[in-house]
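# A look at the structure
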Amino acid sequence: MKMKNVLNFAIAVLIVSVLASCSSESEFRKITLKEYQSKMKAGWLGQMAGVGWGAPTEFKYNAMIIPENKVPEWDASMLNQHFQDDIYVEMTFLKSLEDYGFDVSIRQAGIDFANSEYQLWHANRSGRENLRNGIAPPYSGHPKYNSHADDIDYQIEADYSGLIAPGMPQTVIDLGEKFGRIMNYGDGVYGGVFIGAMYAEAFFEKDIHKIIQSGLASIPAKSQYVEAINDVIKWHSENPTDWQKTWQLIEDKYNLNHDYRKFSCNGTAKDFNIDAKINGAYVVLGLLYGDGDLDKTIIISMRCGMDSDCNPSNAAGILATSKGMDELPEKYKTGIDETTNFAFTTYNFPSLLSVCESLTRDAVVRAGGKIEWNDEGNAEFIIPVNKPIIQPLRQSWEGEEIIGDVNFSADELKKITVKTRKPEDYITEWQVAGPFSQEGVADSSLLDIAFAPEIVETYSGWKKMPIDMENISYDGIDLFAQFEQEHSIAYLKTEIWLDNSQSAFFEMGSDAGLKVWLNRKVVHQNNVSRVHVQGQDLVEVQLKKGWNTVLMKVSPGLMDWAASLVITDTKHEVLQNIKFKKAE
């Protein structure tokens, strides 16, 4: 009898042990440090390749499929995207995490974003304007203050969140609530969390369908964003070999149907849609119809149009993460620039990988995991499997009631050192001449070649420069929109009247080379490759009584071609007593 009891006890212990072992295996995931490094690096390269390949097409094909013969040919230079805002903006979030850890407050994250000096658009731009004007996050992204709350912005820059959270969707959600709500709300935030959660799953899963489902499991099921992704999955199953038919179904519902554009920043105009939902649908369309092939995935997401560089960037980054470096095609890992810093950051490619690894180590431990050495002597992340806690449903067209202090405190505002000029501060009365070019001469050298407007005082080729007053306060004077011609140079001229002579400052910005004359004398020259930021160049000048002629010569940058000018007194207050000669 005793023997039988002992035997039964032994069997029971064995069963419990087996069950515990099974439970342990099901509650934790393991990935070696080496494998994590490989997949994380591949994720960044995929992201850069996708945006680099798609960049020439961005918003040039709207509400239409990009013709196959208009798809750019792959070029090795497309891989290194150190000056691409769709890459470097998210590094601001990484820097906040590096400086303050995962417990960084949303308000400190907002201060860091407010102090960024790169050019921005849409939700990012409006969010940063709100921050600089004292509206603290998350209210900076709230639809009451931000008409771009459902735009694509956080979706574009959320890749980082999954790359530092392998198998940890809750971390992705938490980061979205902290950084995504600086500029977005509702579907605008859900898009970023969806992308980040797919990256997180791609460290452990190759099946695209399962990766997509993991993304969906991290955002509210009743959101229009989830509806859009589920529609793409359904339409793919109905049309598994015809991505263009699925594209048309997306177009009909998420571009042309006003019920799904309730908070589109430009209303319901069909020829421009930067809403997160439709562009997220294009990401998933590329992943599903790409059949695990990076080229095919990038091209399909790109050919969907609209934001046709950001969407293939997300898609390629996720797919590349699932593959890792060993499975990455050679062209996506050859010729990596490891020395140049990403614009506006302290990171080059190796240091970017290093900070991501460091943050991931912290994230694993914070999530209840650990880092151990396995039997083969390799470091290994042991990551708990936890069901994510999904944020409540928020919809921009039904913004939740604002509770709490909307504004930064006086002490917090002192930390925001980069201020924003108001629209009326900019010089908007311009004449334009150009474009001018010389065969065989690079953009950077054109600044040193004298063309007619700077030689002939009575040059007759001036035309009134049309200015989009809604955008002038952020983007400067858009010369690409005027000329749509690369490898050229253009001139801008304005004439201002002062009742008395006085000292003043010119606050200038440009995407690249800039040369400025005041009354036919050169007062400033800066031949540089950069991104336009208002006031990035400053020079003191002497304005005379009467008419003063300002001439600016501007060369195009890597991505844009813009310039701006603000004139202030010696205390940096905008001059109010000037008149302009109206351009004809």
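The structure reproduced in this document is the subject of the present report. What you see is a predicted model; the values in this text were computed from it and never measured.

Helix and strand content of the protein: 22 helices and 14 strands. The C-alpha radius of gyration computed for the protein amounts to 27 Å, which stays within 12% of the reference 25 Å derived for 584 residues, consistent with globular compactness. Along the longest, intermediate and shortest principal axes, the C-alpha atoms of the protein span 115 × 55 × 50 Å. When each of the 584 residues of the protein is scored for burial, the buried share is 58%. In the protein, once contacts between residues fewer than 6 apart in sequence are set aside, the share between residues at least 24 apart is 77%. For the protein, the exposed surface amounts to about 24,700 Å²; the carbon and sulfur share of it is 50%. The averaged location of the 82 negative side-chain charges in the protein is 3 Å from the averaged location of its 56 positive side-chain charges.

Our focus in this paragraph is empty space enclosed by the protein. Across all of its chains, the model carries two cavities of 30 Å³ or more by this definition. Of the volumes computed, that of the second largest cavity is approximately 40 Å³. Elements with a minimum of two residues in the lining of the second largest cavity: α9 (169-179) and α10 (187-202). In terms of residues, the lining of the second largest cavity owes the most to one element, α10, which gives three residues. Partitioning the lining of the second largest cavity into residue classes produces six nonpolar, two polar and one charged.

Attention now moves to unusual backbone geometry. Residue Pro-137 is joined to Pro-138 through a cis peptide bond whose omega torsion reads 10°. Cis geometry marks the peptide bond from Gly-434 to Pro-435; its omega dihedral reads 0°. Not every positive phi belongs to a glycine, and Ala-63 is a case in point at roughly 60°. Residue placement: Ala-63 occurs in the loop between α2 (33-54) and α3 (85-88). On the basis of relative accessible area, Ala-63 is assigned to the partly exposed category, the value being 24%.

Here is what the cut-offs are and how they apply
- Along each chain, numbering runs from 1 in the same order as the chain's sequence is written.
- At least 70 in pLDDT is required for a residue's local features to be given in this predicted model, at least 80 for side-chain atom pairs to be given and counted, and no such filter applies to totals for whole chains, interfaces and linings, which use all residues.
- Working from all heavy atoms in the structure, the side-chain values ignore hydrogens and water.
- Put simply, DSSP H or I for four residues or longer makes a helix, DSSP E for two residues or longer makes a strand, and each gets a number counted from the N terminus.
- Throughout, radius of gyration means the C-alpha value; the globule benchmark is 2.2 Å times the number of residues raised to the power 0.38.
- Each residue's exposure class comes from its accessible area (1.4 Å probe, protein chains only) as a fraction of the maximum for that residue type: buried when under 20%, exposed when over 50%, partly exposed otherwise.
- What makes two residues a contact is simply this: any of their non-hydrogen atoms within 4.5 Å.
- Note on areas: Shrake-Rupley with a 1.4 Å probe; residue coverage comes only from the protein chains shown.
- We score Asp and Glu as negative and Lys and Arg as positive, and we do not count His or the chain ends.
- To locate a charge, take atom NZ for lysine, CZ for arginine, CG for aspartate or CD for glutamate.
- Here a cavity is any set of points on a 1 Å grid over the protein atoms alone where a 1.4 Å probe fits but cannot get out, and a pocket is any open set with protein on both sides within 12 Å along at least 5 of 7 lines; a residue lines the site when it has an atom within 4 Å of a point.
- Grid points are joined across faces, edges and corners, and a volume is the space filled by probe spheres set on the points.
- Polar here means any residue outside two lists: the nonpolar Ala, Val, Leu, Ile, Met, Phe, Trp, Tyr, Cys and Pro, and the charged Asp, Glu, Lys and Arg; Gly therefore counts as polar.

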